[in-house]
Amino acid sequence: MSVPRLVNDLVLGVRLAVGSGRNSLVRLALTAIGVGLGVMVLLVAASVPHMIDARNERGSARTADSSQPVPGVDPVYAVQRSDEFQGRGMQGYLVAPTGPRAPHAPGVDRLPGPGQAVLSPALVQLLESPEGEMLRPRFTQQIIGTVGPDGLTGPNELYFYIGSDSASAMPDAARISQFGTPWAGRGLTTVEWLLIVLGATSFLIPVIVFVATSTRLAASVRDRRLAALRLIGAGSAQVRRIAAGEAFVGAVAGLFLGLGLFFLVRSLVPMVTVSAFRGGIFASDVRPDWRLAVLIAVGLPALAVTIATMSLRRTIIEPLGVVRRASTAPRILWWRLIMPLAGGTLLLVATDGRRFPLIAGITLLLLSVPVLLPWIVELVTNRINAGGSPAFQLAVRRLQMDTGTAARVVAGVAVVLAGAIALQTVYERADKETTPPGQGQISASYFANSLAQIDAFASAIHSIDGLANVPISTTGRVVNSADEHHSIVVESCASIRVSPCVDGDVFASPSVKVSPGEAVWFGEHRAGAPQWTIPRLTRIAGDDAQLVITPGALASASQVALYSNTHVPATGDPALIEQMRNAVGRLGWSGVVYSQGTSRDANYLLISRILQIGAFITLLIAIASLIVVALEQMRERRRSLAVLTANGVPRSILARALLWQTSIPVAVAVAVATVAGLALAAMLLTATGRPVDIDWTTVALFGGVALGSVLLVTALTLPALWQATSTTALREV
């Protein structure tokens, strides 16, 4: 066969797909939608690695680098600070430049001085909005600029640089001459790999099912058109090439539609403000690897053409009609068991967390769901008693005539459900391991360089309703000239419970090697560190290796470096932690308020949210497959349905038959998917050395959502049923 003839046949197929009337255009549109959705989902999934790397690179570029000084640059004292507002994380640096030639942080023209601040655009917008009223007391500085995109991990990130005159005295201050550390990359943990592979495979299979479903639509109309071509002299091989041309134009249209949807999603991504996205995602970061993009752009259209061509393998197209070869032999089981057995074996032997066996095992087990489903659906429908209501009998008979179509349609829902159950089970186990145990509490810590600031912190906390009697501890560290470090605690005589005690005393056990009149430094022995001379010292019994100091003993110190701390049980009231943050914020950014025992690991939370959004979109695609196939079957059976109505069968019976016809395969799919999902989750947890813990409430919820899709599909196809049962459908065309 010559190349020009092949091209002519393909071009003829394209012309028939575009210019053969409404049915052909509907088929073309649905094929394009199926391929387009697949291209969009896969391009977004292929963009995830670059998205994560770009965020991490910008985050690394703004990290304070204290490795070595840079000639000609005035060092900056930088203290990293993290905060939170209404569930949204905030972070940044307190900075204290030592000269006019301070280093530039990414996205910042110049670092702020005392009383000044440089904030991210999202933080400025939040402060100017009514929602930021409770946040304003923490940012009383003059805003001299905003952080550019180069200094942010995402467009919605709350980030800041605040000038501080006390940053240099803080123990955790870093003396830096430049910002930025090399990003060497971070490998994903085994559990993160499991979550990503599990989610990606769960999303990919329903997309392929939808593509396969869309290319089979209006098959009867296409077959009649191909039979007409046979009548005018086309050969059987030629009509297959023409059919491939019809599918090709739909696939190409779907490719461009998918690219358009991808760029639409890409432009909308910066608007997502979910807290788990940690500041959002720049549109420029959503960029797939070009090799994966080429594979997707070529693979999905090729898949659509292949499926459309293979759908003719049981069809004999003759000049006078179309005959479909039907097989009455029951489906064979043994070869369908190869995939689950191989997948389970790979997971069970991958006890050392090797990635390839885990990835291959997950893929094979999820692929086994659509492979086993036709055999199980056929087994169930053939064993259903034909008795019952007329609607039930009509549905069962229709399913017994064609179980393959029903199984293919529900395969997408089954894979999504199995993947979601396994995904959620593994995620919850990993989340329990990374979430701090114990009862949640709110902690406040404040760095003070004078006794007045310590009193101000205590007054600020005690002024909050319900916290008037909350205990506050003040601790620190001193070092002598011999570089011997000692912990210190500042307490009043009423708290020390040592008699006699006079304000101005210092107490120490015999193990603490200090003496009266000895000079010590707060924090560390370096130039500029606050210095203090120990006054009279009283030895007390015990082996507690720390100095207990009364406030009067520090009166001789011109400056101190101490931390005041308090811990409050979490009450569940979000206003309490915001009130504490505002109270501490009014004292400057030398303090921080944070919650303990209630936070969740950011990496797992980010992966979970992305996969949940993907699972929701994929479930919609799977439900769309159910709706599209139901409408197509309704159109193909409109004459038989109209005949039933004309002979007195009520439409309500046909509607209930439609409900049974959809719900029986879905119920079987839910049962199969639940077993597969639980088995997959148990194997994954066992392979990674974790206990198997099943959340049956979540399993029941997922199953209920899948069964609820039956009611949705039935409700959406009822208008088409009323139209199909009209007497006008009896006319010949």
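Right above here is the structure, for reference.
Residues numbered from 1 in each chain as written. Predicted model: local features only at pLDDT ≥ 70, side-chain atom pairs only at ≥ 80, totals over all residues. Heavy atoms only, no water.

Visitor: Got a minute to help me understand the pairing of strand β2 (residues 76-85) in this structure?
Guide: With respect to burial, β2 is a largely interior element, seven of its 10 residues being buried. Here β2 pairs with strand β3 (residues 88-97) via 10 bridges, running antiparallel. Among the inter-strand pairings, F85 is bridged to a residue of β3, identified as R88. Between β2 and β3, which pair antiparallel and follow one another directly, the connecting turn spans two residues, one of which, Q86, has a positive phi of 50°. By the bridge criterion, three bridges tie β2 to strand β7 (residues 174-176) in an arrangement that is antiparallel. If you follow V76 over to β7, its bridge partner there is I176. (Buried < 20%, exposed > 50% of the residue type's maximum accessible area, 1.4 Å probe, protein only. Helix = DSSP H or I, 4+ residues; strand = E, 2+ residues; numbered from the N terminus. Pairing = 2+ DSSP bridges.)

Visitor: Looking at this structure, how should I read the packing of helix α10 (residues 390-401) against helix α17 (residues 651-687)?
Guide: What describes two packed helices is the angle between their axes and the distance between those same axes. Taken N-terminus to C-terminus, the directions of α10 and α17 make an angle of 50°; their axes are 8 Å apart at the nearest point. Here α10 lies oblique to α17, going by the angle between them. α17 is crossed by α10, and the crossing has right-handed handedness. Touching P390, A391, F392, L394, A395, V396, R398 and L399 of α10 are I653, L654, R656, A657, W660, Q661, I664 and P665, all from α17. (Axes fitted to C-alpha atoms, helices over the stretch in contact; angles between N-to-C directions. Parallel < 35°, antiparallel > 145°, perpendicular 65-115°, else oblique. Left-handed = near helix turned anticlockwise from the far one by under 90°. Contact = heavy atoms within 4.5 Å.)

Visitor: In this structure, what is going on with the packing of aromatic side chains? I would like to understand it.
Guide: Aromatic ring pairs are described here by two measures, namely the spacing of the ring centres and the angle between the planes. In this structure the tally under the stated criterion is 10 aromatic pairs. For the ring pair Y161 and F179, a centre distance of 6.2 Å and an interplane angle of 90° mean the geometry is edge-to-face. Within this pair, whereas Y161 is found in strand β6 (residues 158-163), its partner F179 is found in strand β8 (residues 178-179), the two being separated by 18 residues in sequence. Residues F262 and F263 carry aromatic rings whose centres are separated by 5.5 Å and whose planes lie at 65° to one another, so their mutual orientation is edge-to-face. Taken together, the aromatic side chains of Y93, Y159, Y161 and F179 make up a single cluster linked through ring pairs. Across the ring face of Y159, the terminal group of R62 is positioned such that the distance to the ring centre comes to 3.8 Å. (Phe/Tyr/Trp six-rings, centres within 6.5 Å; stacked < 30°, edge-to-face > 60°. Lys NZ or Arg CZ within 6 Å of the ring centre and 35° of its normal.)

Visitor: Looking at this model, I keep getting lost on helix α18 (residues 696-724). Mind explaining?
Guide: Given a rise of 1.5 Å per residue, 29 residues ought to cover 42 Å, and the 42 Å separating the end C-alpha atoms of α18 matches this to within 8%. Of all the bends in α18, the greatest reaches close to 40° and is centred on L718; the proline P719 follows between one and four positions later. Turning to α18, its buried residues number three or more, namely T698, V699, G703, A706, S709, V710, V713, T714, T717, L721 and A724. (Expected span 1.5 Å × (residues − 1). Bend = angle between axes of the 7 residues up to and from the residue.)

Visitor: For this particular structure, what's the right way to read a nonpolar patch on the surface?
Guide: Together, I332, W334, W335 and I338 give the surface a local cluster of nonpolar side chains, amounting to about 470 Å² of exposed area. Looking at the element boundaries, W335 is found in the loop between β10 (321-324) and α8 (338-349). (Patch = residues over 30% accessible without salt bridge, like charges linked within 9 Å, V, L, I, M, F, W, Y side chains within 5 Å. Areas by Shrake-Rupley, 256 points an atom, 1.4 Å probe, with all protein chains shown as cover. Salt bridge = Lys/Arg side-chain N within 4 Å of Asp/Glu carboxyl O.)

Visitor: How should the nonpolar core be read in this particular structure?
Guide: A general tendency of soluble globular proteins is for nonpolar side chains to be buried together. Membership of the largest hydrophobic core comes to 61 residues, with the highest contact counts inside it found for L123, F139, F522, W532, L547 and M580. If we ignore the near neighbours within four places in the chain, the residues touching L547 are V478, S487, I488, V489, V506, F507, A508, V512, V514 and L537. Core analysis: the second largest hydrophobic core is formed by 42 residues, A407, V415, V670 and L685 among them. (Core = buried A, V, L, I, M, F, W, Y, C linked by side-chain atoms within 4.5 Å.)

Visitor: Could you clarify how one ought to interpret the pattern of salt bridges in this entry?
Guide: Any two side chains of opposite charge can pair, so long as their charged atoms come close to each other. What the rule picks out here adds up to seven salt bridges. Where E157 meets R62, a salt bridge forms, and the shortest distance between an N and an O atom there is 2.7 Å. Separated by 95 residues along the polypeptide, E157 in the loop between β5 (142-146) and β6 and R62 in the loop between α2 (22-61) and β1 (64-65) bring together distant segments of the chain. For E157, a relative accessible area of 5% gives the class buried. Its salt-bridge partner being D74, residue R101 comes within 3.7 Å of it at the nearest N-O pair. Remark: D74 occurs in the loop between β1 and β2 and R101 occurs in the loop between β3 and β4 (116-119); sequence separation between them is 27 residues. Several salt bridges converge on common partners, so that one network encompasses R138, E578 and R581.

Visitor: Looking at this model, I keep getting lost on the pairing of β6. Mind explaining?
Guide: Taken residue by residue, a regular strand's side chains alternate between the two faces of the sheet. β6 sits mainly inside the fold: six of its six residues count as buried. On β6, burial covers both faces: L158, F160 and I162 on one face and Y159, Y161 and G163 on the other are all buried. Two elements, β3 and β6, share six bridges in a ladder whose sense is parallel. Across the sheet, residue V95 finds its bridge partner in β6, namely G163. The sheet contact formed by β4 and β6 spans three bridges and is antiparallel. The residue bridging V118 from the neighbouring strand is Y161, located in β6.

Visitor: Honestly, the state of the cysteines in this entry has me stumped. Any pointers?
Guide: Each disulfide consists of a covalent bond between the sulfur atoms of two cysteine residues. In this structure the tally under the stated criterion is one disulfide. Each sulfur in the disulfide pair C493 and C501 lies 2.1 Å from the other. Disulfide C493 to C501: torsion about the S-S bond roughly -70°, handedness left-handed. Classification of C493 as partly exposed rests on a relative accessible area of 24%. (Disulfide = S-S within 2.5 Å.)

Visitor: Please clarify how the side chain of T381 should be interpreted in this entry.
Guide: Relative to the helices and strands, T381 is located in helix α9 (residues 355-383). Engagement of the side chain of T381 in a polar contact is seen with the backbone oxygen of V377, the distance being 2.8 Å. (Polar contact = N/O pair within 3.5 Å; in protein donor to acceptor, adjacent residues only side chain to side chain.)

Visitor: Teacher, can you tell me more about the side chain of S368 here?
Guide: Within the secondary structure, S368 is located in helix α9. The exposure class of S368 is buried, given its relative accessible area of 5%.

Visitor: How should the sheet that holds β7 be read in this particular structure?
Guide: Taken in spatial order, the six strands line up as β5-β4-β6-β3-β2-β7 in an open sheet, and their pairing is mixed. Of all strands in the sheet, those bounded by a partner on one side alone are β5 and β7. For this sheet, the mean angle separating the axes of adjacent strands, direction not counted, is 30°. Contacting β2, β3, β4, β5 and β6, helix α3 (residues 121-128) runs over the sheet at an angle of about 90° to β6.

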